[in-house]
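# Results of the structural survey
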Amino acid sequence: MQSETLNNGNLALSTSKSQFINGQAQISYNEKFGDFNFSATAKSVYEYYYNQGFSASGFNFSVPLYILSNTQAANRSISGSDEKTGKTVNYGYFLNLKTSYKDKLFIDLLGRIDQSSRYGRDEQTAFFPRLSASYRLTKDFDLGRNVNEFKVRASYGQAGRVPGFNAKESLASVGTTGISISQNENTNLKRSYTSELEVGFDATFFKKLDVTFNYASASSKGDFVSPPVFIPTLGTTPAVKNFGVINSHSIELETRANGVVENKNFSLDLGVTLARTRSDIKDLGVGLPAFTNGLYRKDVGLSPYAFFGHKILTSLSQLEFDKDNYVTNAAGGVAGTTRYTVNDFVVNQFGHVVLKSALGTANEVPLILQENGASKSVVIGDAQPSFVTGFNATFTFFKKLQLYTTLDWQKGGKKYNQTTQYLSFDERSLLWQDYAQAGLPQGYINALYNGNSYTDFWLEDNSYFSLREIALSYTLPSIKGFKALSNSRISIVGRNLYTWSKFSGTNPEGYHEYFPYPVFRNFTAKLTLNL
């Protein structure tokens, strides 16, 4: 069937051009002065990038002359520019000084100057320092015959993030209705800094057990965000702004035990890693009130990954009352046509608060937390897990057959399952089937779906235990006259083999799911020859 608007032809034109230029120069110096080793490295880096894009289209030609200016003006659109629409120039200067004394005391000093055109005029140059020091205690102190190595470390440094292309610029598009500004300029866009202090140690015990421990405290200031428009503080068009301060504290532990069991025909090596990070917002930044960025609420005292949305009531204790004992935060509250007391509510078999009068009827629906008769958004969870740990083991049989396995475990944390939320509305999820078989009306599912708004019902615990990898390898025996087979190995490797989790989506890892590709289970065979 012909299109009524395109039946006499249409025209589309587009061009694009990108250019990259990179260059660097480096000089190094090394020297030994008595018990001291010294090295110095200086480096300069240059980066240039620009892109240019232009596209135009139109239809409804007045005569058979197929040029853009002959299309109907009301149907003509243009985007891009014949000027450079994205351009970045970066200069970097590095000076790294290192020294060591008697192979026991180590000092590393780095100074870096960055210059980038992506920032505001007064922020294009920045200095980032880093200082680290370590000391091998076992060189000067006897810590016992079971402590073979013990080194303490401390470091402090600063780093920065680069904003996206055109983050500080004003952006606009041209269409049939005129020019539309999509982003205001912010020529005062400042640098983003992350300052981190880290302390830790590396140790070896019993000549078999290696232990590494790190504690880090970091503060990130001025990250780049595009907050919602706040009238009158930011006007009616958004702009990229600098966020305030986020503090983080991390603990990491890694252990490796070699030869836990070791004899002529068998050996076992074990490894364990453990990590925990906690972050919170200390300051929102100049001119930024509390705001919501997608799934997350940004406010002082909250985690940067605090989920924000509607809340399904699950207990009568969540009900609030006015001085006359009427419920104020559910079923319309005091603003509704009917006023309710606590005796008008009940928790149904699915753990949801419903009106007692609607229980078991076609009008039964779960009730959402309200304020002044409207659904109220609150913090509903935190994506940060309690901890993440990993296990690995290597079994060696007869010095030729080796079995390696890796296991991952995450405890705690939340992930939003928007895939199931959307499919439930379309009557295509297992959850919808279970509720339908229980005799609940379609309106019940629709209330949980909640217009695809973020709702705590779809926020799930994403703890998991995963069999990440199993690898079986065999060292081929040597054959006289075939040098390539000497110490050659054949291996079979399986990855992402199985995950145990109560999360109902496709993959418990991450913070948000919305029709993702599944994690593939991979199997690989490999032959390694020594030529």
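For the structure, see preceding data.
Only a predicted model underlies this, so the values are computations on that prediction, with no experimental measurement involved.

## Thoughts on the sheet that holds strand E26 (residues 414–417)
Taken in spatial order, the 3 strands make up an open sheet running E27-E26-E30, and their pairing is mixed. Looking at which strands have only one partner, the edges of the open sheet turn out to be strand E27 (459–461) and strand E30 (512–513). As paired elements, E26 and E30 share 2 bridges and run parallel to each other. Among the inter-strand pairings, Asn417 is bridged to a residue of E30, identified as Glu513. The strands that helix H1 (residues 418–425) touches are E26 and E30; relative to E26, the one it contacts most, it runs at about 30 degrees.

## Notes on the packing of aromatic side chains
The full count for this structure, using the stated rule, is 27 aromatic pairs. Ring geometry for Tyr48 against Tyr50: centres 6.1 Å apart, planes inclined by 65 degrees, an arrangement best described as edge-to-face. Look at Tyr50 and you get buried, because its relative accessible area is 6%. Taken together, a centroid distance of 5.5 Å and an interplanar angle of 45 degrees make the contact between Phe128 and Tyr193 tilted. Of this pair, Phe128 sits in strand E6 (residues 125–136) while Tyr193 is found in strand E10 (residues 192–205), placing the two residues 65 residues apart along the sequence. What links up through ring pairs into an aromatic cluster is the set Tyr296, Tyr305, Phe307 and Tyr511. The cationic tip of Lys43 hangs over the ring face of Phe94; the distance from NZ or CZ to the ring centre is 5.3 Å. Directly above the ring of Phe308 sits Arg297, whose terminal nitrogen or CZ lies 4.7 Å from the centroid.

## Considerations on the side chain of Asn90
You can see Asn90 is positioned in strand E4 (residues 86–101). Reaching out from Asn90, the side chain makes a polar contact with the side chain of Ser116 at a distance of 2.7 Å. Non-local contacts of Asn90, meaning those with residues more than four positions away in its chain, are made with Val45, Tyr46, Glu47, Gln115, Ser116 and Ser117.

## Digging into the pairing of E6
Sheet topology places strand E5 (residues 105–116) next to E6; 11 bridges connect them, and they run antiparallel. The residue of E6 that forms the bridge with Leu109 is Leu131. As paired strands, E6 and strand E7 (residues 147–161) are joined by 7 bridges and run antiparallel to one another. By the bridge assignment for E7, Leu131 is matched with Tyr156.

## What to know about the environment of Phe397
With respect to the helices and strands, Phe397 occurs in strand E24 (residues 387–397). Every residue in contact with Phe397, bar those within four places of it in the chain, is listed here: Asn265 and Phe266.

## Observations regarding the pattern of salt bridges
Scanning the model with the defined rule gives 20 salt bridges in all. Lys415 is the salt-bridge partner of Glu513, the closest N and O atoms lying 3.8 Å from each other. Here Glu513 is found in strand E30, whereas its partner Lys415 is found in strand E26, with 98 residues between them in sequence. A relative accessible area of 2% means that Glu513 is categorised as buried. Residues participating in the shared-partner salt-bridge network are Asp103, Arg136 and Glu149.

## A look at H1
Every buried residue of H1 is accounted for by Gln418, Thr419, Thr420, Gln421 and Ser424. Residues of H1 that are buried in the fold lie against E26, helix H2 (430–437), helix H3 (442–449) and E30. Positive phi shows up at Glu427, right after H1, with a value of about 60 degrees.

About the thresholds
- Residues numbered from 1 in each chain as written.
- Predicted model: local features only at pLDDT ≥ 70, side-chain atom pairs only at ≥ 80, totals over all residues.
- Heavy atoms only, no water.
- Pairing = 2+ DSSP bridges.
- Helix = DSSP H or I, 4+ residues; strand = E, 2+ residues; numbered from the N terminus.
- Contact = heavy atoms within 4.5 Å.
- Axes fitted to C-alpha atoms, helices over the stretch in contact; angles between N-to-C directions.
- Phe/Tyr/Trp six-rings, centres within 6.5 Å; stacked < 30°, edge-to-face > 60°.
- Buried < 20%, exposed > 50% of the residue type's maximum accessible area, 1.4 Å probe, protein only.
- Lys NZ or Arg CZ within 6 Å of the ring centre and 35° of its normal.
- Polar contact = N/O pair within 3.5 Å; in protein donor to acceptor, adjacent residues only side chain to side chain.
- Salt bridge = Lys/Arg side-chain N within 4 Å of Asp/Glu carboxyl O.

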